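So the chains spell out like this:
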Amino acid sequence: MRRHRRGIAAGMFIGLVWTIAKVVVPILIQRSIDDGIRGDDSLLGWAFAIAAVGVVSGIATGARRYVAFQNARAVEADFRDQVFTHAQRLHFGFHDRHQTGQLMSRGNTDLQQFQNFITMLPITFANLLTVVLASIVLFARDWQLALAALAGLPLANYFGRKFSQNLHPALTAIQEESAQLASVVEETVAGVRVVKGFGAEQLRFDALAVEADDVRDASLRAARARANFIPALEVVPNIGLIAVLAFGGHKVLDGDLEVGELVLFNIYVVLLIQPLRMLGMIVANFQRATAAGARIAALLDTPIEITSPSSPTPLPQGGDDDSRSIGRIRFKDVDFAYDPTNPVLDGFDLAIEAGESVAIVGATGSGKSTVARLLPRFYDVDAGSILVDGVDVAEADLEELRRAIGLVFEETFLFAASIRDNISFGVPGADLATVERAARLAGAAEFIEQLADGYDTVIGERGFSLSGGQRQRLAIARAIATDPRVLVLDDATSAVDPTKEHEIRDALQEVMHRRTTIVIAHRPATIALADRVVLVDGGRVAAQGTHDELLASSELYREVLAHDDTELPSEDGAP
Amino acid sequence: MAGWMAAGVDADDRLDFDAARHVLRSTARRMRPYRGTAVGAVALLMIWTALLVVLPVLFGRAVDAIDSGNREVLNRTIVVYIAITVVNYFLWRAAIIGISRTGEAFLRDLRRTVFSHLLRLSMPYFDREKAGVIVSRMTSDIDSLAEVVQFGLQMFVANALLLGAVAVVLAVLSWQLFVVCLVSIPLIYVASRKFRRDANAAYLQVRDGIGSMLSRLQEGLAGVRVIQAYARTDIEAERFHDVNHDLFQSHMKSTRVAAWYLPIIDMSGVGTTALAIAVGGWMARDGQLSIGTVVAFILLLQNLFEPVQQLSQLFNMIQSAGASLHKLYELLEEPVEVAESSEPVVLSGRGVVEVSGVGFAYNDGVSVLADVDLCIAEGERLALVGPTGAGKSTLAKLIARLYDPTEGNISYNGTDLRDASLESLRKRVVAVPQEGHLFDGTVRDNIRVAKADATDDEIVAALKRIGVLERFEGLPDGIETEVRERGSRLSAGERQLVSLARAAIVDPGVLILDEATSSLDPGTESIVEGAMEALMANRTTIVIAHRLTTASRCDRIGVVDGGRLVELGSHEELMNLDGAYASLFSTWIGAQNPT
Ligand SMILES: Nc1ncnc2c1ncn2[C@@H]1O[C@H](COP(=O)(O)OP(=O)(O)OP(=O)(O)O)[C@@H](O)[C@H]1O
Ligand SMILES: Nc1ncnc2c1ncn2[C@@H]1O[C@H](COP(=O)(O)OP(=O)(O)OP(=O)(O)O)[C@@H](O)[C@H]1O
Ligand SMILES: [Mg+2]
Ligand SMILES: [Mg+2]
């Protein structure tokens, strides 16, 4: 805010010039009527004076607006940068609890309200000044008439404030209801296959009909506020004008007042109405801006729970590439819960050697993905600790840690950008050779090269134009491109069909060579890639060993993999 | 005023004469139910404006009465002034209420009509159009109409009338003085034209700027997990700063446009007043005009320049609303490709599905399926297997009539799907798609998607039927757990279970499962499959699965490759055939027992 102060001061100065010009014009008009038309002064002189002041006031109008908007927009842009940057750094737990839509409105509608208020600051100052100067002039002319003319005007202020107070909740309601309506439409379009598949059209229509009614009701509430106050605000100056005519008219007839002065009073009453109305509104506007500002401040003040320690321990570097000895991982008695009533991990203990590959297997909802999310420290453990090459993840520099760990999420999220940009996401500016190599290792090179634009193909909204399997392969390529010391694949080949999967598997073997790898998978073929299998159950490691060992020894493992030889129809000659 | 109403329209979207006439005509037709109120409200607005112009004239009359010392006339004028003020209050109030009522009712109907048409449109349309564009029809396009309804229309009518009325009154009061006052009109005309064009361009730039800023904001928030995982927060912040700064620049450009225009209008106003005083004053001294007329002139001139400035902004706003309406009507005229026949047959019972000579191509015209012949008996379980992109899902979508085949036909119990009523078809043939979208709401709401009138007991029963009830009851809020955006509160497998429960709550004749269990661990999968066994008993079922154990348990297996059904038969038959299936199966078995 501080660095915008100078601009606001400039705005106020221009507002001062503008106000004086505005207040002077009616006086000049009065003089020209009384001294020019009815008296015998030079009319031309007065007319020139009016025109000259008009030029000053015109320029001041433009300048005032320009400066006001420049300031307000600059403040808005500044805060928006801060909102985005802060939201980007906030921990996963925060984002789990806050919808994208909510955060969007911090950076959008809330900031607009704030900006509106700042835009109005200079003109508010000018308005106050106008009211004071005009009142002084009027009272100096004829205090009785001034009293009569101005008596009704505070009503404008009152109505203005009431209007704003009535209108605003309705406007907020319109905004909220419109957002809800938009999300019904968005979800319906995104899930149109489900809607059609189950014939849920009526259900979605009913949901929309409710929102359409709500939007209408909120809009009518706003309309009622307008109908109640806008015409009333228009009546107020007329009260003043009638007082001027009735009281002042007879005064002129009695010879106590000049006709020009009557016109002067008239013009001033009209001139004052807008400033008074706006002064009323700015009060309500101020309350609103404060509320919006408070919401923005609450976001900006939300502590980032997961940050680098002040003096991070660097991760040990390995030797040259051929003798990698880095990528050792240790989960030490880790407890973790997303919400305290529902523990997900409970004494999870696991050690993985450098360069080893481990498959994590477990039933749906057993916490496999959670284990993967804890390693790059997206969440902090509740108890126990996680070490990467002997360094507690909480002690490591966050960026270094996350660069060291390449995680392929089970939900593929690609950006609306070219395939090349998507693959080189973690290594900005990577050359094409690196991108191509990563694509090849992920088994993606073949289909990319078949696309008309190859690596420059821009993939659309959520990368929808690609099949699920293709998207997963891009996500794998993106992780490989960063050459992480630990690679984590969270069910990253579930949508790839088995006939293609072995190609990816062959390629992955090259990637996994001497690189610590954790694969979360359900398919025996993928599990077989790993040196060791870890079975997760009840939030802890229930058993570990090779695939065959576990098949032989663990009842639970056989259950999870539904391994039942008798159920497989036997192939001729095969066991 | 602080915030002026910015609006604008793309050159491509601007309506030509024919389109504008079409829009007006369609709107008039849709407005028919509200015509009475609408016409009434506009009439009130007109009377109100006329009376508004009378007020300064009355003031002038009062000044003349004062000038000539006539107390009687002065008093009478004041009474009339008071009366008009009171009448005007009620007129305006009634006009606002009338316009809003009809306008909002019109918008509500439009929203419902457009959305219900959207729901009727078929998959080819959704493949063709970008989701964002479809959504914007229902949001930003209708919103730009709402602005017009909420104040644009009132202000446009009022300002246009005011401008006309003021001009007429001025000309009547003194045409000589009026002509003199017209000198600034050419300047205002040229300035307003240029302003309108510049403001339009600036508005479009701001609109695009807001669009890019919002989509970057949205992407940054939706993808925040990936961004953090790749330690890209600084780069993304930098990229956001760039679009944000561009937006700031566009805002400033738009401010600059207003910054030169408003002073010109302002100066013309004061300049004309000065002129009126000089010339009018000279005429008054000369006795050609009363002093009250000059006063009325000065007061009325204040009313002349405000409408000019607002009209040039409103004009852009109305134009953009016209363009939006045009796009909405275009959407309403979009043909329903997969349409219901005029005499729909209601499907019932379980059934035989017969696919004969079917060929299909998506919008791009590339043939995806060719010459598919297939008859699925009542109660039969058929598996479709084959490599990625072979056309398995496509065949499933044709059987559910999400698309119509380009060649051949598909029938249910002998009724061509094209002749069936869509409602009964969606009840008889249910497809669980590969990506089961979860809607915002609870687990229960999401299961109810399949059957709007399902009771809570039925929902619990469906979960029990597929053997996963305990799993969901174990969640902190049970089946009342909010699944959050796209189901992010649940694990991947749990999301798929919700989607399967949808299939378990309905009672279709044909059930199509398109890789509906791919994210489940095999253990859960086999529990679910076992449980669904009962569900699938004597129900025609089509299963698309990559796991060949699942396929091998089906009555028959169809192998799809390159858009053709290359093999069809039971597991044993196909194994003996030693063709595509046999080789797929042996690769797969090999992968199951890795060494
Ligand atoms: N963001 C979250 N907030 C609250 N609870 C969550 C969240 N993500 C997952 N859970 C819960 O934590 C448990 C473990 O989830 P997790 O995603 O780790 O399972 P998983 O083993 O990966 O399962 P799957 O095989 O289905 O992917 C589940 O019961 C799930 O409902
Ligand atoms: N909506 C669409 N528009 C255009 N082409 C499409 C569309 N959906 C699928 N295709 C194309 O049609 C072909 C068949 O796709 P389909 O989804 O039927 O394959 P599939 O056999 O189900 O494969 P998978 O095992 O990967 O699910 C593919 O080449 C695909 O790219
Ligand atoms: Mg998972
Ligand atoms: Mg498919």
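From a predicted model like this one, the values you see are computed outputs, not experimental measurements.

Turning next to the overall build of chain A. Per the secondary structure count, chain A includes 19 helices and 10 strands. Taking 575 residues into account, the globule formula puts the C-alpha radius of gyration at 25 Å, and chain A, at 36 Å, lies well above it. Dimensions of chain A along its principal axes, counting C-alpha atoms only, are 125 × 55 × 50 Å. Across the 575 residues in chain A, those meeting the buried criterion constitute 58%. Taking the contacts inside chain A whose residues are at least 6 apart along the sequence as the reference set, 77% of them involve residues at least 24 apart. For chain A, the exposed area adds up to about 22700 Å²; of that, 53% sits on carbon and sulfur atoms. Measuring between centres, the 53 positive side-chain charges of chain A sit 8 Å from its 74 negative side-chain charges.

Moving on to the site of ligand 2. Residue and element names in this part refer to chain B. Taken together, 15 residues form the shell around ligand 2, and within it G389, G391, K392, S393 and T394 come nearest. G391 places a polar main-chain atom, nitrogen or oxygen, 2.9 Å from an oxygen atom of ligand 2. When residues of the shell around ligand 2 are assigned to their parent elements, the largest contribution, three residues, is made by helix α11 (residues 392-399). Class assignment of the residues belonging to the shell around ligand 2 gives a composition of five nonpolar, seven polar and three charged.

This part covers the site of ligand 1. Around ligand 1 lies a shell of 21 residues, among which K368(A), S369(A), T370(A), S491(B) and G493(B) are the nearest. Those chains with residues close to ligand 1 are chains A and B. Note that an oxygen atom of ligand 1 is positioned 2.5 Å from one of the side-chain N or O atoms of S369(A). Across the complex, the protein chains shield 94% of the 630 Å² of accessible surface that ligand 1 would expose by itself. Within the residue set of the shell around ligand 1, elements represented by two or more residues are α10 (368-374) of chain A together with α16 (492-505) of chain B. Top element by residues in the shell around ligand 1 is α10(A). It accounts for four residues. Class assignment of the residues belonging to the shell around ligand 1 gives a composition of five nonpolar, nine polar and seven charged.

What follows deals with the side chain of T85(B). For T85(B), the location among the structural elements is in helix α3 (residues 71-120). Classification of T85(B) as buried rests on a relative accessible area of 6%. In this structure the side chain of T85(B) is engaged in a polar contact, spanning 2.8 Å, whose partner is the backbone oxygen of Y81(B). With residues near it in sequence (within four places) discarded, T85(B) still touches V235(A), N238(A) and I242(A).

Residues and elements named next belong to chain A. Protein coordination at the magnesium ion (ligand 3) comes from S369 (OG), E410 (OE) and E410 (OE), with a distance range of 1.9 to 2.7 Å. Linking S369 in helix α10 with E410 in the loop between β6 (405-408) and α12 (419-423), this pair joins segments that are 41 residues apart in sequence. Look at E410 and you get buried, because its relative accessible area is 17%.

All right, on to the state of the cysteines then. All names here are of chain B. Taken as a whole, this structure holds zero disulfides over all chains when the rule is applied. Between C375, a cysteine without a disulfide, and C554, which holds the nearest cysteine sulfur, the sulfur-to-sulfur distance is 16 Å. Assessed through its relative accessible area of 37%, C375 is described here as partly exposed. Residue classification places C554 among the buried positions, given a relative accessible area of 7%.

Residue and element names in this part refer to chain A. Burial analysis of strand β7 (residues 486-490) places five of its five residues in the buried class, which makes it a mostly covered element. In terms of strand pairing, β6 meets β7 through four bridges, oriented parallel. Bridging across to β7, L407 finds its partner in V488. Summarising the sheet, β7 and strand β8 (residues 516-520) pair through five bridges and their orientation is parallel. By the bridge assignment, D490 is partnered in β8 with I520.

Let's shift gears to the domain arrangement of chain B. All names here are of chain B. Domain boundaries in chain B define domain 1 (4-332) and domain 2 (353-592). Here the C-alpha centre of domain 2 lies 55 Å away from the C-alpha centre of domain 1. At the boundary of domain 1 with domain 2, total buried surface from both sides reaches about 400 Å², with 52% on carbon and sulfur atoms. The largest contributions to the domain 1 side of the interface with domain 2 come from M123, P124 and D127, which together make up 80% of the buried area. Here domain 1 is connected to domain 2 by zero salt bridges. Joining domain 1 to domain 2, the criterion identifies two residue pairs in polar contact (both at pLDDT 80 or more). For the side of domain 1 that touches domain 2, the per-class residue count stands at two nonpolar, no polar and two charged.

In this section: helix α15 (residues 468-481) of chain A. Residues and elements named next belong to chain A. The end-to-end C-alpha distance of α15 is 20 Å, a good match for the 20 Å that 14 residues give at a rise of 1.5 Å each. Judged by how many residues are buried, α15 sits mostly within the fold: 13 of 14 residues are covered. Taken from the residues just after α15, D483 is the one with a positive phi, measuring 50°.

What follows covers the pairing of strand β9 (residues 556-561) of chain B. Residues and elements named next belong to chain B. With four bridges connecting them, strand β3 (residues 381-385) and β9 associate as parallel partners. Within β9, the residue paired with A383 across the bridge is I557. Bridge count for β9 against strand β10 (residues 564-569) is five bridges, and the pairing is antiparallel. Residue pairing for β10: I557 is matched across the bridge by G569. Hairpin connection, β9 to β10: the antiparallel pair is bridged by two residues, and G562 has positive phi, about 55°.

Looking now at the sheet that holds strand β3 (residues 357-362) of chain A. Picture the strands of a sheet paired through backbone hydrogen bonds; they go either parallel or antiparallel. Residues and elements named next belong to chain A. Reading across the sheet, the six strands line up as β6-β7-β8-β3-β9-β10 and stay open at both edges, with mixed pairing between neighbours. Of all strands in the sheet, those with a lone pairing partner are β6 and β10 (540-545), marking the two edges. Ignoring strand direction, the axes of neighbouring strands in this sheet form an average angle of 20°. Contacts between α15 and the sheet are confined to β6 and β7, with β6 contributing the most and set at about 175° to the helix.

Okay, the sheet that holds strand β5 (residues 391-392) of chain A next. Pairing within the open sheet is antiparallel, and its four strands lie in the order β2-β1-β4-β5 (chain A). Of all strands in the sheet, those with a lone pairing partner are β2 (343-352) and β5 of chain A, marking the two edges.

Applying the stated criterion across every chain yields a total of eight cavities of 30 Å³ or more. What the largest cavity holds in volume is close to 270 Å³. Along its surface, the largest cavity is lined by 22 residues, and T517(B), E525(B), E529(B), V543(B) and T550(B) are the ones closest to its centre. In terms of residue count, the dominant contributor to the lining of the largest cavity is helix α17 (residues 522-536) of chain B (six residues). Class assignment of the residues belonging to the lining of the largest cavity gives a composition of 10 nonpolar, four polar and eight charged. Each pocket or cavity is described by its volume, and for the second largest cavity that value is around 90 Å³. As for the second largest cavity, its lining consists of 13 residues, and the residues nearest its centre are L489(A), T493(A), L508(A), V519(A) and T526(A). Elements supplying a minimum of two residues to the lining of the second largest cavity: α16 (498-512) and β8 of chain A. In terms of residues, the lining of the second largest cavity owes the most to one element, α16(A), which gives four residues.

Calculation notes
- Residues numbered from 1 in each chain as written.
- Chains lettered and ligands numbered in written order.
- Predicted model: local features only at pLDDT ≥ 70, side-chain atom pairs only at ≥ 80, totals over all residues.
- Heavy atoms only, no water.
- Helix = DSSP H or I, 4+ residues; strand = E, 2+ residues; numbered from the N terminus.
- Rg over C-alpha atoms; globule rule 2.2 N^0.38 Å.
- Buried < 20%, exposed > 50% of the residue type's maximum accessible area, 1.4 Å probe, protein only.
- Contact = heavy atoms within 4.5 Å.
- Areas by Shrake-Rupley, 256 points an atom, 1.4 Å probe, with all protein chains shown as cover.
- Lys, Arg positive; Asp, Glu negative; His and termini not counted.
- Charge placed at Lys NZ, Arg CZ, Asp CG, Glu CD.
- Near = heavy atom within 4 Å.
- Polar contact = N/O pair within 3.5 Å; in protein donor to acceptor, adjacent residues only side chain to side chain.
- Nonpolar A, V, L, I, M, F, W, Y, C, P; charged D, E, K, R; others polar.
- Donors = N, O, S within 2.8 Å, 3.2 Å for Na, K, Ca; no water.
- Disulfide = S-S within 2.5 Å.
- Pairing = 2+ DSSP bridges.
- Domains from an automatic or database assignment.
- Buried area = accessible area lost by both parts, 1.4 Å probe.
- Salt bridge = Lys/Arg side-chain N within 4 Å of Asp/Glu carboxyl O.
- Expected span 1.5 Å × (residues − 1).
- Axes fitted to C-alpha atoms, helices over the stretch in contact; angles between N-to-C directions.
- 1 Å grid on protein atoms, 1.4 Å probe; cavity = no way out; pocket = protein on both sides within 12 Å on 5 of 7 lines; lining within 4 Å.
- Points joined across faces, edges and corners; volume = space filled by probe spheres on them.

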